[in-house]
Amino acid sequence: MRIGDLSARTGVSQRSLRYYENQGLLSTTRSPGGQRHYDEADVPRVQEIRAFLAAGLPTRVIAGLLNGLAVCRAAPDADEALHSWETLSRERSRITSVIDELVTARHALDELLAVNHAFLKEHPTAR
DNA sequence: GTTCTTACA
DNA sequence: TGTAAGAA
């Protein structure tokens with residue numbers, strides 16, 4: 001499929017898709033005229049890229065993760081897959097830490113909101 | 001009509 | 001990342 005199709009199917013702009021390719025996150029095949037061609041597997045791949053990007057990972061890291069993912073899928077029991085597996089596992093831990101920090105931040109905000117709510121309850125005219 | 005590259009806001 | 005410009 002062409003870039004317009006992939007864009008429509010993933011909701012990701014053509015601009016971003018070209019950018020992902022430049023960052024080494026996506027590989028494409030070119031038609032004689034120079035047009036990019038994507039295959040079905042690129043749809044879920046773009047979805048993964050979006051998820052990692054949303055998780056705050058820099059494109060450089062994502063490129064490495066995606067490769068590791070490919071390696072593990074190709075030969076789950078190969079030697080090379082072990083290193084990739086560890087890298088992926090490490091990244092999972094990092095993301096878990098970030099989530100924990102976000103949850104903590106949310107708790108803090110909840111408390112501030114609770115205090116503010118209590119204040120307004122005491123002084124209805126304050127607002 | 002769709003996509004490509006390059007460049008600018 | 002959006003958008004514009006000019007070529008393919």
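Predicted, not measured: the structure shown is a model, and the values here were computed from it. (Residues numbered from 1 in each chain as written. Chains lettered and ligands numbered in written order. Predicted model: local features only at pLDDT ≥ 70, side-chain atom pairs only at ≥ 80, totals over all residues. Heavy atoms only, no water.)

Every residue close to DNA strand B is listed here: Arg-2, Ile-3, Gly-4, Gln-14, Arg-18, Arg-30, Gly-34, Gln-35 and Arg-36. Here the atoms of DNA strand B within 4 Å of the protein split so that 92% fall in sugar or phosphate, with bases taking the remainder. Within the side chain of Arg-30, a nitrogen or oxygen atom sits 3.1 Å from a phosphate oxygen of DNA strand B. Interatomic distance of 3.1 Å between a side-chain N/O atom of Gln-35 and a sugar or linking oxygen of DNA strand B. Counting residues per element, the ones that place at least two in the surface near DNA strand B are helix H1 (3-10) and helix H2 (14-22). Considered class by class, the residues forming the surface near DNA strand B number one nonpolar, four polar and four charged. (Near = heavy atom within 4 Å. Polar contact = N/O pair within 3.5 Å; in protein donor to acceptor, adjacent residues only side chain to side chain. Helix = DSSP H or I, 4+ residues; strand = E, 2+ residues; numbered from the N terminus. Nonpolar A, V, L, I, M, F, W, Y, C, P; charged D, E, K, R; others polar.)

Looking now at the UniProt feature "domain: HTH merR-type" (unreviewed entry) in chain A. When the UniProt feature table is mapped to this numbering, "domain: HTH merR-type" (unreviewed entry) covers residues 1-68. Along residues 1-68 the backbone is 59% helical and 6% strand, and the end-to-end C-alpha distance reaches 25 Å. (UniProt positions renumbered as here; feature names shortened; annotations may be inferred.)

Across all of its chains, the model carries one aromatic pair by this definition. Plain terms: the ring middles of Tyr-19 and Tyr-20 are 6.3 Å apart, the flat faces sit at 55° to each other, and that makes the pair tilted. For Tyr-19, a relative accessible area of 36% translates into the label partly exposed. (Phe/Tyr/Trp six-rings, centres within 6.5 Å; stacked < 30°, edge-to-face > 60°. Buried < 20%, exposed > 50% of the residue type's maximum accessible area, 1.4 Å probe, protein only.)

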